[in-house]
Amino acid sequence: MEVEAAKLIAGALVVLPAFGAALGLGMYFASYNNAIARNPETKKLLDEKFFLILAFIEALGIIPIGVGAALLFG
Amino acid sequence: MASPIHQFVVTPIAPSAQMEINGIDISFTNSSFSMMIAAFICVLLLTLASRRGDMIPGRWQMFGEVLYEFVSKMVQENIGKDGRQYFPFIFTIFIFILTGNLLGLFPHAFTYTSHLIVTGVLSLMVFFMVIAFGLYNHGLKFFSLFLPPNVPWWLVGFIIPIEIISFFVRPITHSVRLCANMMAGHLILKVVVSFSVAAASMGVAWAALGIFPVLINVGLLMFELLVACIQAYVFAILSCVYLKDSVDLHH
């Protein structure tokens, strides 16, 4: 397998983790809304860490894209 | 149309800026140039904000106060009472990264936070500060950090290696998260734009189709703005969380 072909395959495979990040984000927002629907007072508590957790899940989707890009175009 | 990675190449901003000392290339590159711009903007905005400390804050002073209180509340919540001493450090890191990320959104601007070397140095700085302050505050008791309280005795053999590994993985994930987010974000923007260029090169009729990637880019840029602010916030808050270990170990 030439390096070029392997690079292109790696570039293509890199998008798969975004699938996991999308699922994670969906579940996170669903549970966030459920928690607030059940008990609106928890909104203040949840909002403290909201963006922190959002960034973690988002990072899991984007880090592989960054690595794949470095592979593909590097 | 250069490859999307072209926007991240660090090059001296002018041939005359090419400097070298016994083989080490210390030329004044676009990365350091944009860092200077970011530092200049930070200093300018914050001195404007803190110039006239009158009771009824003007617009600039409100801007400065909002930033100050945001970071101060974050440090207060995450490091607690005696975290005040770390506030200037966290504030500087937050503002420097935020300005770097936001400056990167402009066309032809260079985002220095998209390079692992820059984020790596920042996260290593935080990492060594944690160790230094931990040893300074707690002496050798600092290493009790690797053994959380009330762990059943038969688990101790497993917990300590895991804790040590997770301690040393921190600077890596800390820096790669910021760097990869910035780099991948800008990369996606450039790849989408190259679609419209390709459409334009296929003839005038097709060029009309080139407008759609640009519209997609408008949404992507808004997302990039969000990612830029969130990543700066996450970098700062994680630095707070890591510094909390050096302040009070596990209790």
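Preceding this section is the structure that the text describes.
The shown structure was predicted, so the numbers you read here are calculated from the model rather than taken from an experiment.

S.K.: Any chance you could explain the overall build of chain B here in plain terms?
M.R.: Along the backbone of chain B there are seven helices and two strands. Scanning chain B from its N terminus toward the C terminus, one meets helices and strands in the order β-β-α-α-α-α-α-α-α. By its C-alpha atoms, chain B is 75 × 55 × 45 Å across when sized along the principal axes. Per-residue burial for chain B yields a buried fraction of 40% across its 251 residues.

S.K.: Would you mind going over the interface of chain B and chain A with me for this structure?
M.R.: Where interface size is quoted, it is often the accessible area lost as the parts come together. On the side of chain A, 15 residues touch chain B, which itself brings 18 residues to the contact. Between chain B and chain A, roughly 1,500 Å² of surface is buried when both sides are summed, and carbon and sulfur atoms account for 82% of that area. Counting the contacts that link chain B with chain A gives zero salt bridges. Taken together, the connections running from chain B to chain A amount to zero residue pairs in polar contact (both at pLDDT 80 or more). When residues of the side of chain B that touches chain A are traced back to their parent elements, those giving at least two are α2 (59-79), α5 (156-201) and α7 (211-247) of chain B. For the side of chain B that touches chain A, the per-class residue count stands at 13 nonpolar, three polar and two charged.

S.K.: Hey, could you run me through a nonpolar patch on the surface in this one?
M.R.: Together, M202, W206, L209, I211, F212, V214, L215, V218 and M222 of chain B line one region of the surface with nonpolar side chains, adding up to about 910 Å² of accessible area. Mapping V218 of chain B onto the fold places it in helix α7.

S.K.: It is not clear to me how empty space enclosed by the protein should be interpreted in this structure. Could you clarify?
M.R.: To find leftover empty space, a probe the size of one water molecule is rolled over the atoms. Residue and element names in this part refer to chain B. As enumerated under the stated definition, the model contains one cavity of 30 Å³ or more in all. Considering only enclosed or pocket space, the largest cavity measures out at about 50 Å³ in volume. If you trace the largest cavity, you find it lined by S123, V126, F127, V130, F167, R170, P171, H174 and Y242. Elements represented by at least two residues in the lining of the largest cavity include exactly α4 (116-138) and α5. In the lining of the largest cavity, the residues fall into six nonpolar, two polar and one charged.

S.K.: So what exactly am I meant to see when it comes to the packing of aromatic side chains here?
M.R.: Given two aromatic rings, one states the distance between the centres and the angle between the planes to describe the pair. All names here are of chain B. In total, this model carries 22 aromatic pairs over all chains according to the counting rule given. For the ring pair F96 and Y112, a centre distance of 4.9 Å and an interplane angle of 25° mean the geometry is stacked. Separated by 16 residues along the polypeptide, F96 in helix α3 (residues 87-103) and Y112 in the loop between α3 and α4 bring together distant segments of the chain. On the basis of relative accessibility, which here comes to 1%, the residue Y112 falls in the buried class. Taking 5.3 Å as the distance between ring centres and 45° as the angle between the ring planes, the aromatic pair formed by F127 and F167 counts as tilted. A residue pair is termed long-range when its members are at least 10 positions apart, and F127 in helix α4 and F167 in helix α5 qualify at 40 residues. Each of the two residues, F127 as well as F167, counts as buried.

S.K.: Any chance you could explain the packing of α2 of chain B against α7 of chain B here in plain terms?
M.R.: In a packed pair of helices, the relevant descriptors are the angle between the two axes and the axis-to-axis distance. All names here are of chain B. Running from N to C, α2 and α7 cross one another at 35°; their axes reach a closest spacing of 9 Å. Crossing of α2 against α7: the hand is right-handed. Across the interface between the two elements, F70, M74, V75, N78 and I79 from α2 touch Y233, A236, I237, C240, V241, L243, K244 and V247 from α7. Across the contact of α2 with α7, the residue classes tally to 11 nonpolar, one polar and one charged.

S.K.: Is there a simple way to think about the packing of α4 of chain B against α7 of chain B in this case?
M.R.: Residues and elements named next belong to chain B. Where α4 contacts α7, the axes come no closer than 8 Å and their chain directions differ by 20°. As summarised for this structure, α4 and α7 are arranged roughly parallel, according to the angle between their axes. Helix-helix and strand crossings are classified by hand; for α4 and α7 the assignment is right-handed. Contact residues: α4 offers T119, L122, S123, V126, M129, V130, F133, G134, N137 and H138, while α7 offers F235, S239, Y242, L243, S246 and V247.

S.K.: Explanation requested: unusual backbone geometry in the structure shown.
M.R.: Trans peptide bonds make up the majority, and among non-glycine residues the majority have a negative phi. All names here are of chain B. For H108, which is not glycine, the phi torsion reads 65° and is therefore positive. With respect to the helices, strands and loops of the structure, H108 is situated in the loop between α3 and α4. For H108, a relative accessible area of 87% puts it in the exposed group. Non-glycine residue N150 carries a positive phi angle of around 30°. The exposure class assigned to N150 is exposed, which follows from its relative accessible area of 76%.

The rules we used
Here the residue index of a chain counts from 1 through its sequence in written order. All chains are assigned letters beginning at A, and all ligands numbers beginning at 1, according to the order in which they are written. Per-residue local features of the predicted model are confined to residues with pLDDT of at least 70, and side-chain atom pairs are confined, for both listing and counting, to 80 or more; whole-chain, interface and lining totals are unaffected and use all residues. Based on all heavy atoms of the structure, the side-chain values leave hydrogens and waters out of the count. Every helix listed is a DSSP run of H or I at least four residues long, and every strand listed is a run of E at least two residues long, numbered separately from the N terminus. Note on exposure labels: buried denotes an accessible area under 20% of the residue type's maximum, exposed denotes more than 50%, and partly exposed covers the range between, all computed with a 1.4 Å probe on protein chains only. Only heavy atoms matter for contacts: two residues are in contact if any of them lie within 4.5 Å across the pair. When two components associate, each loses some accessible surface as probed by a 1.4 Å sphere; the sum of these losses over both components is called the buried area. When a carboxyl oxygen of Asp or Glu is within 4 Å of a side-chain nitrogen of Lys or Arg, the pair counts as a salt bridge. What qualifies as a polar contact is a pair of N or O atoms within 3.5 Å, subject to a donor-acceptor requirement within protein and to the restriction that residues adjacent in sequence count only when both atoms come from side chains. Just so you know the grouping, Ala, Val, Leu, Ile, Met, Phe, Trp, Tyr, Cys and Pro go in nonpolar, Asp, Glu, Lys and Arg go in charged, and all remaining residues, Gly too, go in polar. Patches draw on residues past 30% relative accessible area with no salt bridge. Two like charges within 9 Å are joined, as are two nonpolar side chains (Val, Leu, Ile, Met, Phe, Trp, Tyr) within 5 Å. Values of accessible area rely on a 1.4 Å probe in the Shrake-Rupley scheme; residue burial ignores everything except the protein chains shown. Method remark: on a 1 Å grid restricted to protein atoms, a set of points is classed as a cavity if a 1.4 Å probe fits but cannot get out and as a pocket if it is open with protein on both sides within 12 Å along at least five of seven lines; lining residues have an atom within 4 Å of a point. Grid points are joined across faces, edges and corners, and a volume is the space filled by probe spheres set on the points. Stacked, tilted and edge-to-face are the three classes assigned to paired rings of Phe, Tyr and Trp, where Trp is represented by its six-membered ring and a pair needs centres within 6.5 Å; plane angles under 30 degrees give stacked, over 60 edge-to-face, the rest tilted. Note on geometry: axes are lines fitted to C-alpha atoms, helical ones only across the stretch in contact, with angles between N-to-C directions running from 0 to 180 degrees. In a left-handed crossing the near helix is turned counterclockwise from the far helix by less than a right angle, and in a right-handed crossing that turn is clockwise. When describing relative orientation, an angle under 35 degrees is termed roughly parallel and one over 145 degrees roughly antiparallel, while 65 to 115 degrees is termed roughly perpendicular and anything else oblique.

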